[in-house]
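Residues per chain, in single letters:
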Amino acid sequence: MKNIRQHLVQLLLGGAMYLLLWQLLAIITANHAIPTPLSTLPIFWSLKKTLLLHSGASFLRVLTALVLALLIGIPLGVLLGLSQKTNKILAPFIYFLYPLPKVAFLPIFMLFWGLGNFSKVLLLFAIILLQVIISIRDGVHQIPTNFQKTMTNFQANFFQRVYYLILPALVPSLLTSLRVSIGIALASLFFAENYATEYGLGYLILSAWTKMDYQEMFAGIFCIALLGGILFLLLDLLEEHFHY
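Note that this is a predicted model, so its numbers are computed, not measured. (Residues numbered from 1 in each chain as written. Predicted model: local features only at pLDDT ≥ 70, side-chain atom pairs only at ≥ 80, totals over all residues. Heavy atoms only, no water.)

1. Concerning unusual backbone geometry
- Backbone geometry places Ala30, a non-glycine residue, at a positive phi of 50°.
- Take Ala30: it is sitting in the loop between helix 1 (2–29) and helix 2 (37–46).
- Looking at Ala30, the relative accessible area reads 66%, which means it is exposed.
- For Met212, which is not glycine, the phi torsion reads 60° and is therefore positive.
- Along the chain, Met212 falls in the loop between helix 9 (201–210) and helix 10 (214–243).
- Judged by its relative accessible area of 60%, Met212 falls in the exposed class. (Helix = DSSP H or I, 4+ residues; strand = E, 2+ residues; numbered from the N terminus. Buried < 20%, exposed > 50% of the residue type's maximum accessible area, 1.4 Å probe, protein only.)

In structure tokens, the structure reads:
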């Protein structure tokens, strides 16, 4: 409970620093398109239900893609790390796909699976999946050989080896890759939610921009920052749980 409070304080501190930077930007630029946080606060409060609805839609898309990527990416990463033959076959294909901007696949996903939520979740899934696979595979390769020999000496079977040795050793690299993936996924989600979407922070921000409602636009931007901060907070709590 104490750790949770500490992280919440850090999240609030980060939000306060964000608002301070926003205020300084509004003062320095003196641009009517950049409202101050104080002038945006009433709009934020009046739209709280709308902002919560759009934030919830974006959060569910990211969470669904994250869970699916972990369920598929962790076993594949472990397989590539343990099997040199499988790694030699699949690694060139993964290396070819990894540098490609996954946003470029969004039109293809929409062409095959429509304009709804599935294509957007699939885009986020593709972004996170490759990060997870590569981080897990590299994490397996970094496990000291003598640890593997110790498990062999104790006649551990494959599942015991994975549960007691591999998975605990992979937690740090996995959480690091998830932090990177979440940042990229949120940026891509903003782009994806501008197509045939009624709910989502990306849709809200662009809609407010086209209406020149800059206070609503900045309220939506703040919600994306807050959403990212909450996801990072959850990852920090997971890291501490596995560490201790």
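2. Structural notes on the packing of aromatic side chains
- Scanning the model with the defined rule gives eight aromatic pairs in all.
- Judged by centre distance (5.9 Å) and plane angle (45°), the rings of Phe112 and Trp113 are tilted.
- Among the aromatic residues, those joined into a ring-pair cluster are Tyr18, Trp22, Phe44, Phe218 and Phe222.
- If you follow Lys48 out to its NZ or CZ, it ends over the ring of Trp45, 4.3 Å from the centre. (Phe/Tyr/Trp six-rings, centres within 6.5 Å; stacked < 30°, edge-to-face > 60°. Lys NZ or Arg CZ within 6 Å of the ring centre and 35° of its normal.)

3. Brief notes about the nonpolar core
- Formed by 49 residues in total, the largest nonpolar core has its most connected members in Ile128, Ile166 and Leu178.
- Within the residue set of this core, elements represented by two or more residues are helix 3 (48–82), helix 5 (106–113), helix 6 (117–141), helix 8 (158–192), helix 9 and helix 10.
- For this core, the element with the most residues is helix 6, which contributes 15 residues.
- Residues contacting Ile128, with those up to four places away along its chain left out, are Ala65, Leu66, Ala69, Leu178, Ser181 and Ala185. (Core = buried A, V, L, I, M, F, W, Y, C linked by side-chain atoms within 4.5 Å. Contact = heavy atoms within 4.5 Å.)

4. Topic: the confidence of the model for the protein
- Residues at a pLDDT of 70 or more form 97% of the protein, whose mean pLDDT is 83.
- The secondary-structure element of the protein with the lowest mean pLDDT is helix 7 (residues 145–153), recorded at 75, while helix 3 shows the highest, at 89. (pLDDT = per-residue confidence, 0-100.)

5. Let's talk about the side chain of Ser119
- Structurally, the position occupied by Ser119 is in helix 6.
- Residues in contact with Ser119, not counting those within four places in the same chain, are Leu106, Phe109, Met110 and Gly114.

6. Examining the pattern of salt bridges
- All chains considered together, the criterion is met by four salt bridges.
- Linking Arg137 and Asp138 is a salt bridge whose minimum nitrogen-to-oxygen distance equals 2.7 Å.
- By relative accessible area, which is 28% here, Asp138 ends up partly exposed.
- For Lys211, the salt bridge is made with Glu216, and the minimal N-O distance between the two is 3.9 Å.
- Assessed through its relative accessible area of 10%, Glu216 is described here as buried. (Salt bridge = Lys/Arg side-chain N within 4 Å of Asp/Glu carboxyl O.)

7. Digging into the packing of helix 3 against helix 9
- Where helix 3 meets helix 9, the closest approach of the two axes is 8 Å, and the angle between their N-to-C directions is 130°. Of the possible angle classes, the one that applies to helix 3 and helix 9 is oblique. The residues of helix 9 that touch helix 3, namely those facing Leu51, His54, Ser55 and Ser58, are Leu201, Tyr203 and Leu204.
- When its residues are assigned to classes, the contact of helix 3 with helix 9 shows four nonpolar, three polar and no charged. (Axes fitted to C-alpha atoms, helices over the stretch in contact; angles between N-to-C directions. Parallel < 35°, antiparallel > 145°, perpendicular 65-115°, else oblique. Nonpolar A, V, L, I, M, F, W, Y, C, P; charged D, E, K, R; others polar.)

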